[in-house]
Structures are given as structure tokens and as C-alpha cells.
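# A look at the structure
Now for the letters of each chain:
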Amino acid sequence: MSALAALHRTRRALGALLLARALVAGAAAVVLVLAVARVLASLGALEAARVRGAALPVAAGVVGLLVALVLVVRDGRITTTRAALWVEERVPTLAFALVTAAEPRHATLVPALAPRLGGIPWGALLRGAAVRALLPPAVALGAALVALLAAPPLDMAAGGASRAEGAGGRGAAARTPTSGALGRITATVRPPAYSGLPTQSLDDPTTVAALVGSRVTLSGRGEGAVRATLAETRLDVRRGDGWRVALTMPARPGAVRLADGVGDRLVILDPRLDSVPVVTLLPAVRDTVLREPVGTIALAATAHDDIGLATSGFEYIVSSGEGESFTFRSGTLGAATHGGARDAAMRASLSVTQLQLKPGDIVHVRAVARDGNTLSGPGVGASETRAIRIARAGEYDSVAVEGAPPPTPDSTALSQRMLLILTERLQQRRPRLDRATVLAESQRIARDQTRLRRQVGEIVFARLGEAGGEHEHGPGDAHDLAGGGRVDPDALLAQAAAATTVGMPEALDFHGDETPVVAINKPLLEAYNHMWDAARELELGEPGRAIPPMRRALAALQQARQAERIYLRGRPPTVIVDIGKVRLQGKEHGSDNVRQPRPAEDDAAGRRARRLDAALALLAPAPAGAADARAGAVDTSARASVAVASARASLAIDSLLLLRLDALGEDPALAAALDEAVRRLRAGEDATAALRRARRAALGATDTRPALPRWSGAP
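Here is what the cut-offs are and how they apply
- Residues numbered from 1 in each chain as written.
- Predicted model: local features only at pLDDT ≥ 70, side-chain atom pairs only at ≥ 80, totals over all residues.
- Heavy atoms only, no water.
- Helix = DSSP H or I, 4+ residues; strand = E, 2+ residues; numbered from the N terminus.
- Buried < 20%, exposed > 50% of the residue type's maximum accessible area, 1.4 Å probe, protein only.
- Contact = heavy atoms within 4.5 Å.
- Areas by Shrake-Rupley, 256 points an atom, 1.4 Å probe, with all protein chains shown as cover.
- Salt bridge = Lys/Arg side-chain N within 4 Å of Asp/Glu carboxyl O.
- Pairing = 2+ DSSP bridges.
- Axes fitted to C-alpha atoms, helices over the stretch in contact; angles between N-to-C directions.
- Expected span 1.5 Å × (residues − 1).
- Arc of directions from axis to C-beta.
- Core = buried A, V, L, I, M, F, W, Y, C linked by side-chain atoms within 4.5 Å.
- Phe/Tyr/Trp six-rings, centres within 6.5 Å; stacked < 30°, edge-to-face > 60°.
- Lys NZ or Arg CZ within 6 Å of the ring centre and 35° of its normal.
- pLDDT = per-residue confidence, 0-100.
- Parallel < 35°, antiparallel > 145°, perpendicular 65-115°, else oblique.
- Nonpolar A, V, L, I, M, F, W, Y, C, P; charged D, E, K, R; others polar.

Here we take up the overall build of the chain. Helix and strand counts for the chain come out as 19 helices and 21 strands. Buried positions account for 39% of the 715 residues belonging to the chain. In the chain, the proportion of contacts linking residues at least 24 apart, taken out of those at least 6 apart, comes to 69%. In the structure as shown, the chain presents an accessible area of about 39,800 Å², 56% of it carried by carbon and sulfur atoms.

This is the structure in C-alpha cells:
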């Protein structure tokens with residue numbers, strides 16, 4: 001055979017080797033994709049339903065084809081010149097004689113070059129090329145095959161569920177698989193020790209409801225790898241006699257997803273918070289003004305806790321003094337232990353005589369109860385505060401007026417004293433407390449200070465004809481609270497005076513140039529601003545820096561109490577209802593623009609109804625011949641239909657569970673209906689009635705009337 005004929009044969013062999021290498025590499029890519037998908041499905045990172053369908057083989061084939069095309073395009077076409085150069089690289093002694101002979105324009109030189117072309121080892125060159133081209137992709141293909149065989153097998157026909165039956169059209173039922181690594185799930189709930197509640201065991205639960213802090217253990221006797229996640233956090237799965245997952249009940253609802261590579265399950269966590277005790281003073285205990293500091297006052301209250309009460313009692317604080325000089329005494333009455341009882345009646349007697357009160361002294365009394373929460377507590381519940389004041393000698397007036405409760409500035413001053421006392425006590429205990437405890441107690445006092453500040457704001461701004469103290473006004477208003485919370489007293493006094501003196505023919509008696517409106521409102525505005533400063537420092541956990549502004553606020557409230565009073569003889573006139581204002585007609589006070597429509601509220605009920613409809617659409621009746629397929633008939637199409645219906649039913653159950661998780665805190669009726677529906681679906685029972693109740697709850701109650709209402713004013 002001539003050298004040129006051997007060159008052409010070598011060119012064709014090289015092209016075949018390159019094509020074979022691309023095909024083997026593509027096959028290795030296909031097998032590798034299938035093996036990786038199986039491994040991910042077994043670990044729970046990929047849904048097993050996606051692995052079982054026809055989409056995965058198609059995707060793997062596309063990946064293999066792309067790998068083969070990339071290699072073919074990269075290698076390019078093998079020409080005669082390229083083949084000659086390939087031989088020249090491996091036989092350097094040719095000195096480009098073969099390349100010269102391969103070119104048509106040098107055909108006349110072939111006889112002269114023939115002696116130099118006679119010793120080329122064509123067979124050895126092709127064998128070496130075949131080994132170098134096919135060995136790497138063949139090794140990759142073998143490794144991919146080993147990985148595919150070692151991966152957990154997938155049931156391509158069953159689809160991870162054993163039944164899918166029709167239940168009234170959309171109310172199809174599906175039984176959760178009990179095979180595989182998950183098996184039948186058991187939940188064990190161990191409540192906190194302080195609650196005294198027994199340990200519960202739930203068989204195959206859809207929802208686990210327990211106190212926050214309870215120890216929840218999910219277990220099963222299946223074999224294989226199980227993966228558990230809670231809100232994207234992977235949980236530790238322990239092996240032994242089956243598998244077991246232990247976790248602590250979180251403070252917010254969540255869903256635990258359990259996957260074994262064949263199927264997955266959702267278990268909803270429904271935490272129950274341990275509420276603080278509810279303490280209520282009986283109506284007999286009221287704000288009281290005594291003429292003489294003698295006698296005994298009976299104190300009575302009731303306390304209730306959802307788990308159990310630990311202790312209870314009445315706390316009192318005696319404030320004595322005037323102006324900025326005050327002294328305080330405190331104590332406890334009627335302390336009792338209840339040993340975990342849920343309800344308790346509290347009784348005590350307050351001896352005014354033994355307290356040795358003087359005229360002007362004030363006793364603040366409230367009932368307090370504590371529960372036995374040792375995890376996040378104890379929870380402390382307190383009743384409203386009542387004030388018992390000893391009248392001063394100069395308070396009596398000859399003007400006959402109807403009985404009325406103490407003025408509002410008086411009650412705010414009393415509450416401010418209590419907040420100041422609590423802050424001073426916290427500052428004294430601060431060196432012995434850690435930072436977290438100081439911050440928590442300081443922020444609790446800050447919330448009370450904020451509520452008291454709002455009450456003072458309501459007092460001031462109500463005299464201006466406004467709805468409240470903490471709201472936004474237009475650009476031209478004198479008090480813009482949205483900017484920083486503080487108000488300018490001087491800028492508001494003119495409006496307060498104008499709003500409260502309209503229609504008065506002349507000023508009443510007052511001191512100097514100050515009207516009663518100025519005398520009362522200006523100290524209240526100053527107290528309002530000082531309360532802002534105190535609340536800000538308390539929110540930062542700095543009770544020491546909050547005490548000075550709290551004292552200034554108390555002094556301002558005392559000044560408002562001592563302002564000149566105005567007494568009206570007889571009953572005030574009946575308030576006439578402003579019909580236009582009630583009907584929201586006209587413009588806002590002090591605003592030169594018309595009302596703007598409010599933005600539409602978020603339709604949460606509509607969203608839940610749409611999610612429920614989407615989940616119900618997945619529940620389709622079982623196809624004809626499904627019973628034969630489950631019984632073992634060889635009809636492949638029927639088995640495939642059963643597998644698809646089972647996968648859709650499993651997906652629908654997961655969707656219903658996630659919808660129930662979303663409705664736990666906002667729509668208890670919908671959550672209860674969905675819980676019953678999921679339990680029936682998993683048990684293979686008819687869930688049509690439960691799903692109907694769930695849809696009615698999702699759409700909301702319908703307002704029905706027996707007839708059209710009468711026109712207003714009609715007989």
C-alpha cells in the first residue's frame with residue numbers, strides 16, 4: 001500500500017476515533033446526571049416526584065447530546081493535511097516529507113519522496129491514538145455507571161403513594177405511603193416541667209400542638225436515609241431502632257419536612273404560648289378620697305392563668321409630699337401561694353389607720369399574680385391601679401357641684417409616680433443584674449411610660465378639637481408629631497385657648513394674665529415632652545438617665561393639678577351630634593385639601609381562597625382501571641395514571657398543610673377545617689365535607705338578611 005493510501009485510511013480512522021470519543025463522553029454525562037439526581041432525591045434536596053417522571057431522562061439526554069456536540073465542534077474536521085501533520089508530529093524523521101506528498105500541487109515529487117515514506121508505523125500510531133482518545137471517557141462512563149448502581153433505587157411506577165380515590169369530584173382521598181425510610185411517623189410531646197402536663201404520643205400526626213419550649217420527638221421505624229428540615233434549617237436525624245428527630249417547639253408556627261428519597265411528609269408545628277395571668281380587681285375597689293386617714297378598706301380581686309398560678313398578692317405604694325419633695329413607701333398585702341391552680345380569689349384588708357397617713361397622702365394599690373413559667377418567665381399579670389387619697393384641709397369648697405371622678409391630671413400624676421418609683425428601684429438593682437435583664441425591665445417601663453404619655457396627649461389635644469395627640473398634621477399646622485414626637489407648648493397654647501374659650505362672653509377669675517387653659521395645658525405639654533425623653537432613655541436600657549426627665553414630668557403634672565379649677569353649676573348641656581361630621585362630609589379641621597381615599601386593604605381571605613382552589617384542583621378522581629392496577633394487573637397505562645394521581649394528591653396535601661400553617665394565627669376556623677381534611681385524605685377517607693367547610697371559612701362569612709332594610713325615617 002502506498003504512503004498516500006495509508007494516509008487517507010488514517011484520516012478516516014482518526015475521524016471515527018474523535019466521533020467515538022464524543023459519543024462515549026456524552027453517554028458518561030447522561031449516566032452521571034441520572035446518578036446525581038438519585039443521590040439528591042435520596043438526601044431530600046430534590047423532590048422524588050421529579051426524578052420519577054420522564055422529564056429527568058429527557059434532561060439527561062439533552063446534557064449528553066450537548067457534551068458530544070461540544071467535543072465534535074471543538075475537534076473539527078480531519079483533513080488530509082491535518083492527518084499528515086499528526087503523523088509528522090509522531091515521526092519526526094519524515095522532515096515534512098509526508099505533508100509535501102499530501103499536497104496536490106507537489107504530486108510530481110511523490111516518486112522522489114517514496115524512499116523516505118516507506119518506514120512509517122501506521123498500525124502502532126492508530127492503536128496509540130485509540131487508547132488516548134477512548135480511555136478517559138470510558139473510565140468516566142464506568143465511574144458514572146457505578147455511581148448509578150450504588151444510588152438508592154426509585155419506584156418509577158408507584159409514585160410514592162398507594163391510593164388515589166375520588167371523593168365527590170375535587171374531594172379525592174390519598175393514603176400516605178408507609179414504606180420507605182419514613183415508615184409510620186410517631187410524635188412524642190414532652191411539655192415543660194413547670195406546666196405539670198403529661199407527655200403525649202401522637203400517631204401519624206399532621207399537626208403537633210404544644211407549649212412553647214416543649215420537647216418534640218418525631219420518629220419512625222423505616223430503614224434508609226432520612227432528611228429533616230425546619231424553615232430551611234437542617235435538623236439532626238439519629239439512627240438506631242429506626243430514625244428519630246428531636247427539636248424544641250419554637251415560638252412561631254413552622255413546618256418540618258421529612259424526606260427519604262422516595263417521598264416526603266410535612267408535619268405542622270402549632271406552638272401554644274403561655275400567657276401571663278389575668279388579674280381583675282372587683283368593682284368594690286375604686287378610686288377613693290377620704291376625709292380622715294382612719295378605717296379599713298377591703299381589697300378583692302380574681303386571678304386566672306392558662307397553666308397555673310404560683311403566687312399572688314396586693315402591692316401598694318404610699319406617696320407623701322408636695323411639689324418636688326416626695327417620699328415613698330411600699331409593701332405587699334395578702335401574699336398567697338396557689339400551687340399551680342388556674343383560678344384564685346384574692347382577699348386582703350388595707351388598714352388606713354396603720355399606714356399613718358397624713359392629709360395629701362396617696363396610696364396606690366394594685367393586684368399582682370405570677371405563674372410558674374421557668375423558661376421565659378415568670379409571667380407577671382397586674383390589675384388596674386386604684387388611688388386612695390387623703391383630702392387636704394384647703395380642698396373643701398362651698399360651691400355645690402355634682403359628684404365627679406378625680407380630674408385626669410390627678411390620675412396621670414399618680415401613674416407617673418409609680419413609674420418613677422419602678423425606675424429608681426431598677427437603677428438601684430442595676431449593679432446586681434445582667435444587661436439583658438436590665439434592658440427587658442427598662443423596656444417594660446418604657447411601654448408604660450409611652451401609654452401614659454399618650455393619655456396626656458389625649459387630654460391636651462382633645463381641647464384643640466383633635467382626635468388624639470400622636471398623629472400627623474398638614475404642613476401648616478403648629479404641632480407636627482410625626483417629625484420627632486416633641487411638641488412646642490408656646491405654639492399650641494393659642495390654639496388651646498381659642499378652642500376652649502369660644503362663646504364665653506368674658507374671662508373668669510384667674511391669676512394675672514394666665515387663663516385657666518394656659519395654666520392647665522402648658523404644664524401638661526411640658527410633661528408630655530419630658531415623657532418623650534424618659535421613654536427614649538428607657539428603650540435604650542438607661543434607667544439612670546431616664547429618672548431626671550421623669551421627675552420633671554411629675555413636677556409638671558403637679559403644677560397642672562394646682563392650676564385654677566373651673567366649676568360649672570348644674571349639668572352640662574346635652575351634646576348635639578354633628579350629622580355632617582358623622583357622615584364624613586366636608587373637610588378635615590385645619591386642612592385646606594379634600595380627603596384622599598384610603599388604599600385598598602390587603603385581601604388576605606381572597607388569597608387563601610385562591611390557594612385552596614389551586615390545591616383542590618390537584619385532587620382528581622382515580623382513573624378507570626385503577627383498582628386493577630393496584631391489584632397487580634399488568635396494564636402499564638393504568639399504573640402510570642395511578643402514579644400520577646397519587647403524586648398530585650401528595651402535592652395537594654402538602655399545599656393544604658402549608659395553607660393551614662399560614663392560617664393558624666389569623667383564621668382558626670379555616671385551620672381547624674384544613675386539619676380535619678388532611679387527616680381524612682391521609683387516611684383514605686371521604687374529605688368532601690371538610691373541604692367544603694374549609695372553603696366557606698376561606699371565603700369568609702356571608703352577611704344575609706331576611707328582607708331589604710327599611711328606608712331611614714319610614715314608618
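Time to look at the pattern of salt bridges. Under the definition given, this model contains 22 salt bridges. Notably, a salt bridge pairs Arg-370 with Glu-315, separated by 3.9 Å at the nearest N-O pair. Taken together, the residues span a long stretch of sequence, with Arg-370 in strand β19 (residues 362–371) and Glu-315 in strand β16 (residues 309–322) at a distance of 55 residues. The class of Arg-370 is partly exposed, set by a relative accessible area of 32%. With a shortest N-O distance of 3.4 Å, Arg-680 and Glu-676 are connected by a salt bridge. You can see Arg-680 and its partner Glu-676 sitting in helix α18 (residues 668–682), 4 residues apart, about one turn around the helix. Arg-680 sits in the partly exposed class, given a relative accessible area of 30%. Owing to a relative accessible area of 23%, Glu-676 belongs among the partly exposed residues under this scheme. Shared partners join several salt bridges into a network, and the residues in it are Glu-676, Arg-680, Glu-685 and Arg-693.

This part covers the sheet that holds strand β3 (residues 186–190). Sheet strands associate in pairs through backbone hydrogen bonding, adopting either a parallel or an antiparallel arrangement. The antiparallel open sheet is built from 5 strands, whose spatial order is β4-β3-β6-β10-β9. Strands with a single pairing partner mark the edges of an open sheet, and in this sheet they are β4 (200–203) and β9 (237–240). When the angles between neighbouring strand axes are averaged without regard to direction, this sheet yields 20 degrees. Where β3 lies against strand β6 (residues 215–220), 5 bridges are found, and the strand directions are antiparallel. In the sheet register, Ala-187 faces β6, and the bridge partner there is Leu-218.

Within the chain, Asp-204 stands out as a residue other than glycine whose phi angle is a positive 50 degrees. Looking at where Asp-204 falls in the secondary structure, it is placed in the loop between β4 and β5 (207–211). The phi dihedral of Gln-356 is positive, around 55 degrees, even though this residue is not glycine. Of note, Gln-356 is situated in the loop between β18 (343–351) and β19.

With that settled, consider the sheet that holds strand β12 (residues 264–272). In space, the 5 strands of this open sheet follow the order β5-β12-β11-β7-β8, with mixed pairing throughout. Each edge of the open sheet carries a strand with a single partner, namely β5 and β8 (233–235). Pairwise comparison of adjacent strand axes, ignoring direction, gives a mean angle of 25 degrees for this sheet. By the bridge criterion, 5 bridges tie β5 to β12 in an arrangement that is parallel. If you follow Val-208 over to β12, its bridge partner there is Leu-269.

Let us look at helix α3 (residues 55–75). Here α3 spans 31 Å end to end across 21 residues, near enough to the 30 Å set by a 1.5 Å rise per residue. All of the buried residues along α3 are Leu-56, Ala-60, Gly-64, Ala-68, Leu-71 and Asp-75. Buried residues in α3, looked at end-on, bunch into an arc of 105 degrees, giving them a common side. In α3, the exposed residues that point more than 90 degrees away from the buried face are Ala-55, Val-58, Leu-65, Val-70 and Val-73.

On to the nonpolar core. If you look at the biggest cluster of nonpolar residues, it comprises 29 residues, and the most contacted ones within it are Leu-612, Leu-619, Leu-656, Leu-674 and Leu-691. Among the elements of the structure, β12, α15 (604–617), α17 (636–663), α18 and α19 (688–699) are those that each provide at least two residues to this core.

Our focus in this paragraph is the pairing of strand β10 (residues 242–248). Where β6 meets β10, 6 bridges bridge the pair, whose relative direction is antiparallel. Looking across to β10, one finds that Ser-219 is bridged to Arg-244. Strand direction decides the pairing type here: β9 and β10, joined by 4 bridges, are antiparallel. The partner of Arg-239 across the bridge, within β10, is Trp-243. What sits between the antiparallel neighbours β9 and β10 is a turn of 1 residue.

A few words on the packing of aromatic side chains. Summed over the entire model, instances satisfying the criterion amount to 0 aromatic pairs. Over the ring of Trp-532 we find Arg-453; its NZ or CZ atom is 3.8 Å from the centre of that ring.

Glancing now at the confidence of the model for the chain. Put simply, the chain has an average pLDDT of 75, and 70% of its residues get 70 or more. Note that pLDDT drops below 50 for residues 398–404; the model gives that stretch 6 contacts with residues more than four away or on any other chain.

Before going further, it helps to spend a moment on the environment of Ile-185. Structurally, Ile-185 is set in the loop between β2 (173–175) and β3. What makes Ile-185 buried here is its relative accessible area of 0%. If we ignore the near neighbours within four places in the chain, the residues touching Ile-185 are Leu-202, Asp-203, Asp-204, Pro-205, Ser-219, Trp-243, Leu-258 and Arg-265.

For the α-helix, the turn length of 3.6 residues means that residues three or four positions removed from each other point alike. Taking 1.5 Å as the rise per residue, α18 with 15 residues should run 21 Å; its terminal C-alpha atoms sit 21 Å apart, in good agreement. Residues of α18 that are buried: Leu-670, Ala-671, Ala-673, Leu-674, Asp-675, Ala-677, Val-678, Leu-681 and Arg-682. Phi turns positive, to about 75 degrees, at Gly-684, one or two residues after α18.

A few words on the pairing of β3. Burial along β3 is one-sided: Ala-187 and Val-189 are buried, while Thr-186, Thr-188 and Arg-190, pointing the other way, are not. In the sheet, β3 pairs with β4 via 4 bridges, with the strands oriented antiparallel. When the sheet's bridge partners are listed, Ala-187 is paired in β4 with Leu-202.

Between helix α4 (residues 80–90) and helix α7 (residues 122–150), whose axes approach to 11 Å, the crossing angle comes to 95 degrees. Here α4 is positioned roughly perpendicular relative to α7, judged by the angle of their axes. Counted together, Trp-86, Val-87 and Arg-90 of α4 and Trp-122, Leu-125, Ala-129 and Arg-132 of α7 form the full contact between these two elements. A per-class count over the contact of α4 with α7 returns 5 nonpolar, no polar and 2 charged.

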